Amino acid sequence: MTVASSTLETLPNNVKRRLFSLKHLQAKHAELELEFHTEVLNLEKKYLDLYSPLYGKRTQIITGKVEPSQEEVEAGKKVDQELAQELSNGQEDPEIQPSGVPEFWLTILKNHIQIADLITTRDEPVLRHLIDVRLVYLQDKPGFQIEFEFQDNEWFTNSVLTKKYYYQSSVEVGDLISEHSEGTEISWKETKDLTVTVETKKQRHKATNKTRVVKRTVPAETFFNIFAPVTETSDDDEEMDYSERLEADFEIGETLKQKIIPHAIDWYTGKALQYEGFGIDDYEDLEDVTDEDEEALEDEESEEEYGTSAPASQPAPECKQQ
C-alpha cells in the first residue's frame, strides 16, 4: 500500500465524495483532450497534402532527376548563411560529379543517434540504395505509415518497405496511444537475408567417430528488424516487456514522422543535432566500455547533476527552515 493510499483511506467521507466529483471532472477533461488530439491528427493530414509537393521536389533533387534553379540555390544560401560559408570552403574534385545527393538518407539515419544504433555495417550497403522516406496517414483508422523506397538492389525484391503504426483512442488518458504496428514482409534474395546469420558447428559421432558439419540460422541484429512485428510472445529482448518494446517501436516511427522526414536536410548536414541538444563533435569513437568504465561514467554524471563528488548513494543534506 502506498503512502497516498493510506492517506486517502483516512479522509472523511464528505472529502471522499468530493474526490469522486473531481474524478468526474477529470474524465470530462479527458474526453475533450481526446477530441483535441484527434483534431490535431486531422490537421496533420491536411498539412501533409500541402507539404507533399515540397517532398516530391526534394526527392527529384536527391535522386538527380532535376537540377535546382539558380534562384532556388541563392534563396537557400540566404536561409542558412552558415552552411553557405561552410560549403564554400571545400575543394571540389572536377572528376567527381555524382548525380543528385549520394547516400542522402543513409547519412541522415546515421546522424540520428537512436536510429544510428540500429544500423550495422552489413546494413549500410543496402541503405545506400534508399532513395526516399515518406509519411502516409492511414485512412481506415487512426495511424500512419512510413514508406522506405529503394532502388533495385541485390538484397531484396521489394521496391518499397512499409511500417504501419496504429493508434487506439483512450478516454482514460485523453489521447491517441499506441495499439500495434505492422511491417512489410521482406522478400530477401537467396543468401541475402540480413535478419539471420548462419552458424556452423562440427559434431562427432560417438560410435563411428566420424564428424559432420551442422548449420543453423540464428537471429541477427539489423536495421531491417524494425519491419518485424512486435508481439507479446516475442523473446527478442528479455529485458523489456511487451509494452516497453511497443513503445520503443512507436518511438522510431514518431521520430521519422515528426523529425527526420520534415527536416531531412538539417539531419543530413548535422544541424538538427543542435536542435536535439547535441553537437556534431560532442561524441567520439571509444573502445569497448567495461563494467568499471560504466560505473565511472555514472559517477561523473552524478557529480554533474548534483554538483558534488559525493557518491550517488549519499543522502542529500537535510533542508531546515529557520
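For the structure, check the block above.
Reading guide: rules and limits
Residues numbered from 1 in each chain as written. Predicted model: local features only at pLDDT ≥ 70, side-chain atom pairs only at ≥ 80, totals over all residues. Heavy atoms only, no water. Pairing = 2+ DSSP bridges. Helix = DSSP H or I, 4+ residues; strand = E, 2+ residues; numbered from the N terminus. Axes fitted to C-alpha atoms, helices over the stretch in contact; angles between N-to-C directions. Contact = heavy atoms within 4.5 Å. Core = buried A, V, L, I, M, F, W, Y, C linked by side-chain atoms within 4.5 Å. Buried < 20%, exposed > 50% of the residue type's maximum accessible area, 1.4 Å probe, protein only. Polar contact = N/O pair within 3.5 Å; in protein donor to acceptor, adjacent residues only side chain to side chain.

## Focus: the sheet that holds strand S4 (residues 175–183)
For step 1, the next point in the chain: Spatially, S1-S2-S3-S4 is the arrangement adopted by the four strands of the open sheet, whose pairing is antiparallel. Where the open sheet ends on each side, the last strands, each with one partner, are strand S1 (130–137) and S4. Shown here is a sheet whose adjacent strand axes are inclined to one another by a mean of 20°, direction ignored.
For step 2, the next point in the chain: Where S1 and strand S2 (residues 143–150) come together, seven bridges link them in antiparallel fashion. Bridge assignment links Val133 to a residue of S2, and that residue is Phe148.
For step 3, the next point in the chain: Packing of helix H2 (residues 13–62) onto the sheet brings it into contact with S1, S2, strand S3 (160–170) and S4, and relative to S1 it is tilted by some 150°.

## Quick notes on the nonpolar core
For step 1, the next point in the chain: Core analysis: the largest hydrophobic core is formed by 46 residues, its most contacted members being Trp105, Ile146, Phe148, Phe150, Phe156, Phe223 and Phe224.
For step 2, the next point in the chain: Sequence-distant contacts of Phe156, that is, excluding residues within four places in its chain, are made with Val126, Phe150, Leu161, Ile186, Ser187, Trp188, Lys189 and Phe224.

## Considering helix H4 (residues 81–88)
Counting along an α-helix, one turn takes 3.6 residues, and residues three or four places apart therefore face a common direction.
For step 1, the next point in the chain: In terms of burial, H4 is largely open, as just zero of its eight residues are buried.
For step 2, the next point in the chain: If you check the start of H4, you find a side-chain oxygen 3.4 Å away from the backbone N of Glu82, and it comes from Asp80.

## Brief notes about unusual backbone geometry
Leaving glycine out, the prevailing phi sign among residues is negative, and the prevailing peptide bond configuration is trans.
For step 1, the next point in the chain: Positive phi is not limited to glycine here, since Glu103 has a value of about 55°.
For step 2, the next point in the chain: One can find Glu103 in the loop between H4 and helix H5 (104–111).
For step 3, the next point in the chain: For Glu103, a relative accessible area of 35% puts it in the partly exposed group.
For step 4, the next point in the chain: Even without glycine at this site, Thr191 takes up a positive phi of about 70°.
For step 5, the next point in the chain: Tracing the sequence through the fold places Thr191 in the loop between S4 and strand S5 (196–204).
For step 6, the next point in the chain: Judged by relative accessible area, which is 75%, Thr191 ranks as exposed.

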